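# Structural overview
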Amino acid sequence: MTKIIQNFDALSVLNEAAQTLALGGLVAFPTETVYGLGANALDNEAVSRIFVAKGRPQDNPLIVHVSNFDMLNSVVSEVPEEAKRLIDAFWPGPLTIILKKSERVSEKVTAGLDTVAVRMPAHPMALYLIEQAGVPVAAPSANLSGSPSTTRVEHVIHDLSGRVDYIIDGGPCAVGLESTVLDVTGKEPQILRPGGVSPEEIEKVLGKVSFDPALKDATKTPKSPGMKYRHYAPKAELYLVTGNMKEKIENEMSSLHNEGKKVGIFCMKNYGIEADSVLFGGEDMNEYAKNLFHSLRTLDEAADVIFAELPAETGGIMPALINRMMKAAGGHVL
Ligand code: TXA
Ligand code: MG
C-alpha cells in the first residue's frame, strides 16, 4: 500500500516517511524541478528497488540528493574549487554536479562508474525529508521509465501508486524540467544534460562551459548514460510544430479525423485552432517549460495524436526545453 502525504498532514507523517526512507523504503517526493523517487543511497537493496519500481535500465546511474555539506562530503572523494563556486552560486537548486565518488555510495547508484551525480534540491519538503532521513537520497525522476517526468502529484500517483511506500504531495513543481547535469571531472566543465540552470548562468560562474557533443550529434555516445534512452514520451504520437501553427496543424487534422483519431494541441497561446483538446502553456518560456510534462500527460488521456509548439526562442531554459521536446517526439518536427 502506498501512503499519500498531503501538504496539510502533520510533520510527524513526513518524519515517518523519512524513517522509512532511511530504513530501505521508497518515497516519492517533490523537488523544484520534477518529482523524485527516493531511496537510501548507501543501501544497495533499497536502490535496487528504484530500478524495479520504475522499470529503469540498470546501466543508468542515479542522482544523489543531499541536504547539507557533511552529506555531500560523505558521497564524494573531493570537491574541487570549480565545484565549490558552482555550489555557492546554485545550491540549493536545479544543478547536478558530477564528482569523483567515495566508497560509501552504493554501486547500484553509479552503475559502476567512478563518479557520482550530486545535487541539493530547493524544495523545502525535499530538504526536510532528506535531513530527517539523515542519509543521502538517490532519486531519479518519479515516473515509469520512458514516460514524461512527473511535475504534479496526480501524475506520480498514476505511475507509482502501489509500487512505493510513500508519495509526498508538494504541489506543482516550479521549474517543471529536470536539473542541469554538469561534469567537472574532465579537463573542462561540460553540460551532459541541459536543465534548470542555463548555460549562460554557468558561464558567469566558470567563465566557460561546453556541451557534450552527443547532445547535438546522435552518432556519438552520450557521457550521461540516461541520455541515450527514449524518454519523456507520451503514448500518443507526438509531433513538434514550428512556424505557422494554425496552417500546419489544420493541414494534418482532417485526414487524422477521417481516420477516427483524436487530436490534442499544446501551444503557447490561442491560434484559433479547433482540436479535440487544446492546452496553452503560456508565452513566457519558463511558464511554457513548467507546463510541458503536465500538458503531455493530460493530452495523452484525451488524444491519439499530439501537436506541440516548438518555440523559436533561445537562451535561458530553451536548451533544456528543446532537448526534452525533441526526445519526447523522437525528433519528429513539422
Ligand atoms: O531534476 C532532476 O535532476 C531530477 C530530480 C528528481 O532531482 N532527477 C532526475 O533524475 O532527472 P534522472 O535519473 O531522471 O536523470 C539523471 C541523469 C541521467 O541522464 C543519468 O544518466 C545522469 O543523470 N547521471 C547520473 N549519474 C551520472 C554520472 N555519474 N555520470 C554521468 N551522468 C550521470
Ligand atoms: Mg528521468
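For the structure, see preceding data.
The paragraphs below set out a description of the structure included in this document.

About the criteria used
Residues numbered from 1 in each chain as written. Chains lettered and ligands numbered in written order. Predicted model: local features only at pLDDT ≥ 70, side-chain atom pairs only at ≥ 80, totals over all residues. Heavy atoms only, no water. Salt bridge = Lys/Arg side-chain N within 4 Å of Asp/Glu carboxyl O. Helix = DSSP H or I, 4+ residues; strand = E, 2+ residues; numbered from the N terminus. Pairing = 2+ DSSP bridges. Contact = heavy atoms within 4.5 Å. Axes fitted to C-alpha atoms, helices over the stretch in contact; angles between N-to-C directions. Near = heavy atom within 4 Å. Polar contact = N/O pair within 3.5 Å; in protein donor to acceptor, adjacent residues only side chain to side chain. Nonpolar A, V, L, I, M, F, W, Y, C, P; charged D, E, K, R; others polar.

By the definition in use, this model includes 13 salt bridges. Among the salt bridges present, the one from Arg119 reaches Glu32, with a minimum N-O distance of 2.8 Å. Residue Arg119 is located in strand β6 (residues 115-119), and its partner Glu32 is located in the loop between β2 (27-29) and β3 (36-40); the two are separated by 87 residues in the primary sequence. Between Lys269 and Glu283 there is a salt bridge whose closest N-O contact spans 3.8 Å. With Lys269 in the loop between β13 (263-267) and β14 (277-280) and Glu283 in the loop between β14 and α10 (285-302), the pair connects residues that are 14 residues apart, well separated along the chain. Look at the salt bridges and you will find they share partners, linking Glu237, Glu259 and Lys261 into a network.

The next subject is the sheet that holds strand β10 (residues 190-193). Taken in spatial order, the 11 strands line up as β1-β8-β2-β3-β7-β4-β6-β5-β9-β10-β11 in an open sheet, and their pairing is mixed. The sheet is open, and its two edges are formed by β1 (3-5) and β11 (210-211), each paired on a single side. Note that β2 and strand β8 (residues 166-168) share 2 bridges and pair parallel. Looking at β8, one finds that Val27 is bridged to Tyr166. Set on the sheet, helix α7 (residues 153-160) makes contact with β1, β2, β3 and β8; between it and β8 the angle comes to about 165 degrees.

A word on the site of ligand 1. Around ligand 1 sit 27 residues in total, of which Thr33, His65, Ser179, Ser224 and Gly226 are the nearest. Within the side chain of Thr33, a nitrogen or oxygen atom sits 2.7 Å from an oxygen atom of ligand 1. One of the side-chain N or O atoms of Arg193 is found 2.9 Å from an oxygen atom in ligand 1. Elements with a contribution of two residues or more to the shell around ligand 1: β4 (63-65), β6 and β10. Per-element accounting of the shell around ligand 1 gives the leading share, 3 residues, to β6. The class makeup of the residues in the shell around ligand 1 is 13 nonpolar, 9 polar and 5 charged.

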